[in-house]
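Breakdown of the fold
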Amino acid sequence: VLVPRCGWVFPGLDQRLAAAPALVSAALPARPYAAAAKTEKKGSRKTKQEETKKKQVPRRRPLMSKPVDDVYLTWYYERPSYDVEEAVGMLKKFQELDFTHPQQYVYINVFLDMALQKKKKVDPFASTVLLPYRFTDEMNKVLVFTENEQEAEIARENGAAVVGGVELIKWILEDEIQVDFYVAVPAIMPKLIPLRNKLRRKYPSTKRNSLGHDIPKMLQLYRECLEYEVEDERVIKTRIARLDMPTEQIVANLKTVIHDICTFKPSTYGPFVKKLVIRSSTSEGLLLNLDGLLPQVEKVEEEESKNAEDGEEKHGQESVTT
């Protein structure tokens, strides 16, 4: 006989305890029924997860008005965009207020639209560009492939780090020679095929202007050039200038890089650059207004098509009159 705790008396407790074993045995389900119950639970969990996915998470809507003070909650306002000259001026003021190094580098982050038609996209690429205003005294190391003694002498006079012919192949394959870029003359190219897989995109080619007869021009390009590449499938991060340079020189370098990037996607597929951010080594990133920075290719094409249509109409009218 069970004795209730604390002296409490429950009427009819004995009868309930006597009937409890029968109820428990009757309530025990068979094994197939238990498996079916588990599947129902799993299904209910899936439906709950799908319902939660369908429910849209409320997002903070930015206000249209501009903040009044210098300190504000950024998610309440749209991110402001600046003209490139204004943004460079702000970076220079940040440096003065923060007492940071005046000769720090200026960087840009370029976000690209790599999509083409029919589920295709632009493959990640790398490129070299010669800026109108140099911002560093560092020179890239360039190797010149040639077996002509006169061409080799020209290469040495123009600053080539290494000059040679077929004998360099073994040293390059064994990583005994390490340089930044490779250029070559056309006569030696059939002998450089073993280096194709080793050098990959740095293998001399006319498309990258690293194959030709003008050795001084190729050396100038690759000794002083800026190299950049696409990261994370759609982002380019590179430095373009020093902060102590004049504003017009920084802007000129930026436009040169942007115009070179835009050559990798046809203008008929829409603008290539979606977003552009500029910053210095110690400052925050400033969003740039793209008006005036992207090459005006589409407008030129539209004007040419209009002129062609007008010419066809005039030609048709003349034929009718005759």
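Look up a bit, the structure's there.
Predicted, not measured: the structure shown is a model, and the values here were computed from it.

About the cut-offs
Residues numbered from 1 in each chain as written. Predicted model: local features only at pLDDT ≥ 70, side-chain atom pairs only at ≥ 80, totals over all residues. Heavy atoms only, no water. Helix = DSSP H or I, 4+ residues; strand = E, 2+ residues; numbered from the N terminus. Buried < 20%, exposed > 50% of the residue type's maximum accessible area, 1.4 Å probe, protein only. Contact = heavy atoms within 4.5 Å. Areas by Shrake-Rupley, 256 points an atom, 1.4 Å probe, with all protein chains shown as cover. Pairing = 2+ DSSP bridges. Axes fitted to C-alpha atoms, helices over the stretch in contact; angles between N-to-C directions. Polar contact = N/O pair within 3.5 Å; in protein donor to acceptor, adjacent residues only side chain to side chain. Salt bridge = Lys/Arg side-chain N within 4 Å of Asp/Glu carboxyl O. 1 Å grid on protein atoms, 1.4 Å probe; cavity = no way out; pocket = protein on both sides within 12 Å on 5 of 7 lines; lining within 4 Å. Points joined across faces, edges and corners; volume = space filled by probe spheres on them. Core = buried A, V, L, I, M, F, W, Y, C linked by side-chain atoms within 4.5 Å. Patch = residues over 30% accessible without salt bridge, like charges linked within 9 Å, V, L, I, M, F, W, Y side chains within 5 Å. Lys, Arg positive; Asp, Glu negative; His and termini not counted. Charge placed at Lys NZ, Arg CZ, Asp CG, Glu CD.

Attention now goes to the overall build of the protein chain. Helix and strand content of the protein chain: 9 helices and 10 strands. A buried classification covers 30% of the 322 residues belonging to the protein chain. Within the protein chain, contacts between residues separated by at least 24 positions form 68% of all contacts whose residues are at least 6 apart in sequence. By element, 52% of the accessible surface of the protein chain is carried by carbon and sulfur atoms, the whole surface being about 22,900 Å².

Because side chains alternate across strand β4 (residues 142-145), one face comprises the buried residues Val142 and Val144, and the other comprises Leu143 and Phe145, equally buried. Across 4 bridges, β4 lies against strand β6 (residues 181-184) in parallel orientation. Bridge assignment links phenylalanine 145 to a residue of β6, and that residue is alanine 184. As defined by bridge partners, β4 adjoins strand β5 (residues 162-164) across 3 bridges and the pair is classed as parallel.

Right, let's talk about the pairing of strand β7 (residues 226-231) for a bit. Of the two faces of β7, only the one carrying Leu226, Tyr228 and Val230 is buried; Glu227, Glu229 and Glu231 on the other face are not. When strand β3 (residues 126-129) meets β7, the two strands line up antiparallel, connected through 4 bridges. Following the sheet pairing, valine 129 is matched in β7 by leucine 226. Relative to strand β8 (residues 235-242), β7 is paired through 2 bridges, and the arrangement is antiparallel. Bridge pairing in β8 places glutamate 231 opposite valine 235. Hairpin connection from β7 to β8: 3 residues lie between these consecutive antiparallel strands, with aspartate 232 at a positive phi of about 50°.

Strand order in the open sheet formed by 3 strands is β5-β4-β6, and the pairing between neighbours is parallel. The open sheet has two free edges, formed respectively by β5 and β6, since each of these has just one partner strand. On average, each strand axis in the sheet is tilted by 15° relative to the strand beside it, whichever way the strands run.

On to helix α4 (residues 149-157). N-capping of α4 is provided by asparagine 148, with a side-chain oxygen placed 2.8 Å from the backbone N of glutamine 150. At the exit of α4 stands glycine 159, carrying a positive phi of roughly 95°.

A few words on the pattern of salt bridges. Between side chains of opposite charge, a pair can form when the charged atoms approach closely. For the coordinates displayed, the defined rule picks out 10 salt bridges. Here arginine 239 and glutamate 138 are joined by a salt bridge, their closest N and O atoms 3.7 Å apart. Remark: glutamate 138 occurs in the loop between β3 and β4 and arginine 239 occurs in strand β8; sequence separation between them is 101 residues. On the accessibility criterion, glutamate 138 (52% relative accessible area) is exposed. Residues aspartate 175 and lysine 198 are paired through a salt bridge, measuring 2.8 Å at the closest nitrogen-oxygen approach. Placement of aspartate 175 in the loop between α5 (168-173) and β6 and of lysine 198 in helix α6 (residues 196-199) is noted, with a sequence separation of 23 residues between them. Exposure remark for lysine 198: the relative accessible area of 36% places this residue in the partly exposed category. Three or more residues are tied together by salt bridges with common partners; here these are Glu149, Glu153 and Arg156.

A few words now on empty space enclosed by the protein. Counted according to the given criterion, the structure contains 1 cavity of 30 Å³ or more. When its volume is computed, the largest cavity comes out at roughly 30 Å³. Contributing to the lining of the largest cavity are Phe181, Tyr182, Arg201, Lys202, Arg208, Ser210 and Tyr222.

Where strands meet in a sheet, backbone hydrogen bonds hold them as pairs that are either parallel or antiparallel. Taken in spatial order, the 7 strands line up as β1-β10-β9-β2-β8-β7-β3 in an open sheet, and their pairing is mixed. Strand pairing shows two members of the sheet lacking a second neighbour, β1 (81-82) and β3, which therefore form its edges. Two elements, strand β2 (residues 105-112) and β8, share 7 bridges in a ladder whose sense is antiparallel. Within β8, the residue paired with tyrosine 105 across the bridge is arginine 242. Where helix α8 (residues 247-261) meets the sheet, its contacts fall on β2, β3, β7, β8, β9 (273-280) and β10 (286-288), and the angle it forms with β8 comes to roughly 155°.

If you look at the biggest cluster of nonpolar residues, it comprises 40 residues, and the most contacted ones within it are Leu112, Leu254, Ile261 and Ile278. When residues of this core are traced back to their parent elements, those giving at least two are α3 (84-98), β2, β7, β8, α8, β9 and β10. Looking at this core, the element that brings in the most residues is α8, giving 6 residues. Once you skip the residues sitting within four places of it in the chain, leucine 112 turns out to touch Phe125, Val230, Arg234, Ile236, Ile261, Phe272, Val273 and Lys274. Ranked by size, the runner-up nonpolar core spans 30 residues in total, among them Leu168, Val179, Leu199 and Tyr203.

Our focus in this paragraph is a negative patch on the surface. There is a patch of like negative charges on the surface, built from Asp83, Glu85, Glu86 and Asp291. With respect to the element layout, glutamate 85 can be found in helix α3. Residue classification places glutamate 85 among the partly exposed positions, given a relative accessible area of 46%.

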